[in-house]
There are 2 protein chains.
Amino acid sequence: MVRTPLCELLGIEHPIVGFTPSEHVAAAISRAGGLGVLGCVRFNDPAELDETLTWLDANTDGKPYGVDIVMPNRVPTEGTPADLGKLIPDGHRDFVESTLTKLGVPPLPAEGAPDGEGVLGWLHSVARSHVEVALTHSPKLIANALGPPPPDVIEQAHAHGLTVAALAGRAAHARAQVASGVDIVVAQGYEAGGHTGEIASMVLVPEIVDEVGGAVPVLAAGGIGSGRQVAAALALGAAGVWMGSYWLTTEEYVIGTTMPALREALLAAGSSDTVRSRIYSGKPARLLRNRWTGAWEESDAPAPLPMPLQNLLVSEAHRRLMESGDPTVVPMPVGQIVGRMNEVRPVADVMAGLVAETRETLDRLAKLA
Amino acid sequence: MVRTPLCELLGIEHPIVGFTPSEHVAAAISRAGGLGVLGCVRFNDPAELDETLTWLDANTDGKPYGVDIVMPNRVPTEGTPADLGKLIPDGHRDFVESTLTKLGVPPLPAEGAPDGEGVLGWLHSVARSHVEVALTHSPKLIANALGPPPPDVIEQAHAHGLTVAALAGRAAHARAQVASGVDIVVAQGYEAGGHTGEIASMVLVPEIVDEVGGAVPVLAAGGIGSGRQVAAALALGAAGVWMGSYWLTTEEYVIGTTMPALREALLAAGSSDTVRSRIYSGKPARLLRNRWTGAWEESDAPAPLPMPLQNLLVSEAHRRLMESGDPTVVPMPVGQIVGRMNEVRPVADVMAGLVAETRETLDRLAKLA
């Protein structure tokens, strides 16, 4: 057992928060004594999120869980997918189409054809629907992947007794978040998967702890996939860790029909096999490096579009790349810790291993002192 | 006191190795119980290095010190500076000259004009002269910043009773180094100053420890500037730390006449104020971000040349930028830890602070277990 004040605050056993788009993984993390946090960005339909949270409420053995939204603090370019689509240059569309052809990625089958909407969770209005749905359920925590949520969302969350977390890649952002009423800052380093900044965890975590650690708990995110790394995060002053990538190779992680290719790609990748790029969403995000990301590094590739246009541009391509079943093209946000993701295990085993190694590490360090 | 097996191996009190181009800083680090390692790359004249090592032998109170060379494992493009100069395209020379003019950097004064040679330590033959000179003195350790030294250099060093260290940015490189006879691997993360790879310390250090930690001690380099970070490195499985940037703002660090501008720039910089670029030496190196590095990011800038040509190209520019006394243009390798370098202190104070905070951190962690 390794307890920090975070455990009291969230009512959890281990100071390990696990972000995942899979409700099955989230539930298993919570049942294993961490806090499972469900990524909501993939839910275009609020009714589907509602159903999923109903399932979560019933499957965490009464233990707490959280939700993660992707909501800019200020309302950005908005509109229907059709309106926004008009802002995408033809040259970009042509590049995507010709790249898919070059990579040998087949079109989607006629049945189950795409709705053409892609991931709408990047849209402010859709993220707001996620918040509204979440507040009709019982999450313990709401996290925002794009800094502090808008003030009224923080107020609403607090009124419902939720803890509000936000991700920060710089100390100044963390300071602004706490000033906005955020209760937990997640210091996310360069090595993290998905949207990420340029400062590595070793430097960023103590910097953010020094900035806001007196006011709120700070979680370390980016590069965590072993108990030694959990202990290192605690050494840096974090009250716990936020892990995202590492759950992608758990047994419970099954979304859609494309798992064999995705798993094969993740299990094979080393820590050098990621790239930080704007091609996924329009903001810098770390992805698995493969033939798809490589195409965007060629001299004929256009510059990625801003959020939310870039994701609309590539949304159908993402489905085609996933459905292709080709492990060399899967479009997948993942951190440098992918080099340590070498086998498929149940979440409970992963959690037990993390806790045991953290304890061993603390015991080893105690002998040095 | 925090002791690891590294302390026995090197005969030092604290598991802290400090790399620095300044013999005054190196001596102070060794006197304070760490291992000061003198960077030799700046010594174009072997006689000057000889003199400097004679001074070091006399000024470490009999405590051990090391030397650091920059030597590729295989002999690369070689030749006199004049020969090599012919390989530099005119367009590159024109860009450097016009950039200096744009930045308002004056020419060097007529007296004390440059010899035009720049830093020759990147040349294999010059690095070999550094080894030969070093072996006539009493260093305890010889480190190579570019992977394993050539086999005969390792043999010579071992025959003289020296410990051989090499820097690695990937686990596969570390494995090859140990197979070559290297005694200590320095795992250098993305956040480090100077030549650096893409994998951040949080991920890289345990990866290299798992690869070679059973055979040799691994030091963590990149992002270390506080006792919390030393403790984190130990948590990750490192036997100690290798610090470079952090000594640049010590009282003892005085090289040449340009210190006020350099110090001002370092003290003012935050952790976001660095950039990883090939413009310094031809290989990716992290530098202070400023108007000079910015010019190389403009659309009209040429791609940097390979090592050793790039440094020859910019060597006079580096002198002019330094001599200009303008803190917004100093060409300076430094890591993201520069954000924590906010005051000028004596080395002994820095070392005492590191050791005290490491101990405090280990005590704090012991209470969590």
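Residues numbered from 1 in each chain as written. Chains lettered and ligands numbered in written order. Predicted model: local features only at pLDDT ≥ 70, side-chain atom pairs only at ≥ 80, totals over all residues. Heavy atoms only, no water.

Residues and elements named next belong to chain A. Scanning the model with the defined rule gives seven aromatic pairs over all chains in all. The interplanar angle of 70° and the centroid separation of 4.8 Å between the aromatic rings of Phe95 and Trp296 together place this pair among those described as edge-to-face. You can see Phe95 sitting in helix H5 (residues 90–102) and its partner Trp296 sitting in the loop between helix H12 (291–295) and helix H13 (309–323), a full 201 residues away along the chain. Grouping residues by exposure puts Phe95 and Trp296 together as buried. Taken together, the ring pairs connect Phe95, Trp292 and Trp296 into an aromatic cluster. Lying over the aromatic face of Tyr190, Arg286 brings its terminal NZ or CZ to 4.4 Å of the ring centre. (Phe/Tyr/Trp six-rings, centres within 6.5 Å; stacked < 30°, edge-to-face > 60°. Helix = DSSP H or I, 4+ residues; strand = E, 2+ residues; numbered from the N terminus. Buried < 20%, exposed > 50% of the residue type's maximum accessible area, 1.4 Å probe, protein only. Lys NZ or Arg CZ within 6 Å of the ring centre and 35° of its normal.)

On to the interface of chain A and chain B. Contacts between the two partners involve 43 residues from chain A and, on the opposite side, 43 residues from chain B. Counting each side, the surface lost to burial between chain A and chain B is near 3,500 Å², with a carbon and sulfur contribution of 59%. Together, Met202(A), Arg228(A) and Leu368(A) form the three largest contributors to the area buried by chain A at its contact with chain B, with a combined 19%. Our enumeration of links across chain A and chain B arrives at six salt bridges. When the shortest N-O distance is used, the salt bridge between Arg340(A) and Asp210(B) registers 3.0 Å. Inspection of the region where chain A meets chain B yields 17 residue pairs in polar contact (both at pLDDT 80 or more). Contributing elements (two or more residues each) for the side of chain A that touches chain B: helix H9 (201–212), helix H10 (227–235) and helix H14 (347–368) of chain A. Along the lines of polarity and charge, the residues of the side of chain A that touches chain B split into 21 nonpolar, eleven polar and eleven charged. (Contact = heavy atoms within 4.5 Å. Buried area = accessible area lost by both parts, 1.4 Å probe. Salt bridge = Lys/Arg side-chain N within 4 Å of Asp/Glu carboxyl O. Polar contact = N/O pair within 3.5 Å; in protein donor to acceptor, adjacent residues only side chain to side chain. Nonpolar A, V, L, I, M, F, W, Y, C, P; charged D, E, K, R; others polar.)

Residue and element names in this part refer to chain A. Here eight strands make up a closed barrel; going around it, the order is E1-E2-E3-E4-E5-E6-E8-E9 and the pairing parallel. Sheet twist, expressed as the average angle between the axes of neighbouring strands with direction ignored, equals 25°. One ladder, built from three bridges, connects strand E1 (residues 16–20) with strand E9 (residues 240–243); its direction is parallel. Note on E9: the bridge partner recorded for Gly18 is Met243. Sheet strands touched by helix H2 (residues 23–31): E1, strand E2 (35–39) and strand E3 (65–69). Its angle to E2, the strand with the most contacts, is close to 165°. Running over the sheet, helix H8 (residues 171–179) touches strand E5 (163–168) and strand E6 (184–188) and is turned about 160° from E5. (Pairing = 2+ DSSP bridges. Axes fitted to C-alpha atoms, helices over the stretch in contact; angles between N-to-C directions.)

On to the sheet that holds strand E10 (residues 274–277) of chain B, then. Residue and element names in this part refer to chain B. If you walk across this open sheet you meet the three strands as E7-E11-E10, and the pairing is antiparallel. Taken across any chain shown, the strands that pair with only one partner, and hence form the sheet edges, are strand E7 (194–195) and E10. Sheet topology note: the E7/strand E11 (residues 285–288) ladder contains two bridges and is antiparallel. Paired with Gly194 across the bridge in E11 is Arg286.

Residue and element names in this part refer to chain A. Entries for chain A in the domain assignment read domain 1 (5–76 + 123–251) and domain 2 (81–118 + 259–323). For domain 1 versus domain 2, the separation of C-alpha centres amounts to 26 Å. At the interface, 16 residues of domain 1 touch 14 residues of domain 2. Buried area between domain 1 and domain 2, both sides added, is near 1,200 Å², and the carbon and sulfur share of it is 57%. Taken together, the links from domain 1 to domain 2 amount to one salt bridge. Our count for the contact surface shared by domain 1 and domain 2 stands at nine residue pairs in polar contact (both at pLDDT 80 or more). (Domains from an automatic or database assignment.)

What follows covers the pattern of salt bridges. Should their charged atoms come close, side chains of opposite charge can pair. Summed over the entire model, instances satisfying the criterion amount to 26 salt bridges over all chains. We note a salt bridge from Glu198(B) to Arg289(A), for which the minimum N-O separation is 3.7 Å. Taken together, the residues span two chains, with Glu198(B) in the loop between E7 and helix H9 (201–212) and Arg289(A) in the loop between strand E11 (285–288) and H12. Here Arg289(A) falls in the partly exposed class, since its relative accessible area comes to 35%. Here Arg175(B) ties to Glu211(B) by a salt bridge, and the two come within 2.6 Å at their closest N and O atoms. Of the two residues, Arg175(B) sits in helix H8 (residues 171–179) while Glu211(B) sits in helix H9, which places them 36 residues apart along the sequence. By relative accessible area, Arg175(B) is classed as partly exposed at 47%. Beyond isolated ion pairs, a larger network of salt bridges with shared partners links Asp210(A), Arg228(B), Arg340(B) and Glu357(B).

Turning next to the side chain of Arg340(A). Counting through the fold element by element, Arg340(A) comes out in the loop between H13 and H14. Each residue touching Arg340(A), except ones within four places of it in the same chain, is listed here: Gly225(A), Ser226(A), Arg228(A), Gln229(A), Tyr246(A), Pro206(B), Glu207(B) and Asp210(B).

Turning to H13(A), a few remarks are in order. Residues and elements named next belong to chain A. With 15 residues, H13 extends 22 Å between its outermost C-alpha atoms, agreeing within 8% with the 21 Å of an ideal straight helix rising 1.5 Å per residue. Maximal helix bending in H13 amounts to about 45°, located at Ser315. Summarising burial for H13: twelve of the 15 residues are buried, a large majority. Taken together, the buried positions of H13 are Leu309, Gln310, Asn311, Leu312, Leu313, Val314, Ser315, Ala317, His318, Arg320, Leu321 and Met322. (Expected span 1.5 Å × (residues − 1). Bend = angle between axes of the 7 residues up to and from the residue.)

Our next topic: the environment of Val25(B). Residues and elements named next belong to chain B. Note on placement: Val25 falls in helix H2 (residues 23–31). Spatially, the C-alpha atom of Val25 lies 7.7 Å from that of Thr250, the residues being 225 residues apart in sequence. The residues touching Val25, leaving out its near neighbours within four places in the chain, are Thr20, Trp247, Thr250, Glu252, Tyr253 and Val347.

The subject of this paragraph is the packing of H2(B) against helix H3 (residues 46–59) of chain B. Residue and element names in this part refer to chain B. It is the contact of H2 with H3, at a shortest axis distance of 10 Å, that shows an interaxial angle of 25°. As the angle between them shows, H2 and H3 are arranged roughly parallel. Two packed elements cross with a definite hand, and for H2 against H3 that hand is right-handed. Of the residues in H3, those in contact with Glu23, His24, Ala26, Ala27 and Arg31 of H2 are Thr52, Trp55, Leu56 and Asn59. (Parallel < 35°, antiparallel > 145°, perpendicular 65-115°, else oblique. Left-handed = near helix turned anticlockwise from the far one by under 90°.)

On to the nonpolar core, then. Counting residues in hydrophobic clusters, the biggest one holds 168 residues, and the most contacted among them are Ile208(A), Trp247(A), Ile208(B) and Trp247(B). If we skip the residues at most four places from it in the chain, Ile208(A) touches Ala168(A), Arg170(A), Ala171(A), Ala174(A), Val185(A), Ala187(A), Gly213(A) and Val218(A). (Core = buried A, V, L, I, M, F, W, Y, C linked by side-chain atoms within 4.5 Å.)

Before going further, it helps to spend a moment on the side chain of Arg263(B). The topology assignment puts Arg263(B) in helix H11 (residues 259–268). For Arg263(B), the contacting residues outside a window of four places in its chain are Thr250(B), Glu251(B), Tyr253(B), Val254(B) and Val344(B).

All right, on to the relation of the copies chain A and chain B then. By a simple turn and slide, chain A fits onto chain B: the slide is 0.0 Å along the axis, the RMSD is 0.0 Å, and the turn is 180°. What the superposition gives is, in effect, a two-fold axis relating one chain to the other. Distance from the rotation axis, computed per C-alpha, reaches its smallest value in chain A at Ala232(A): 2.0 Å. (Least-squares fit on C-alpha atoms with pLDDT ≥ 70 in both.)

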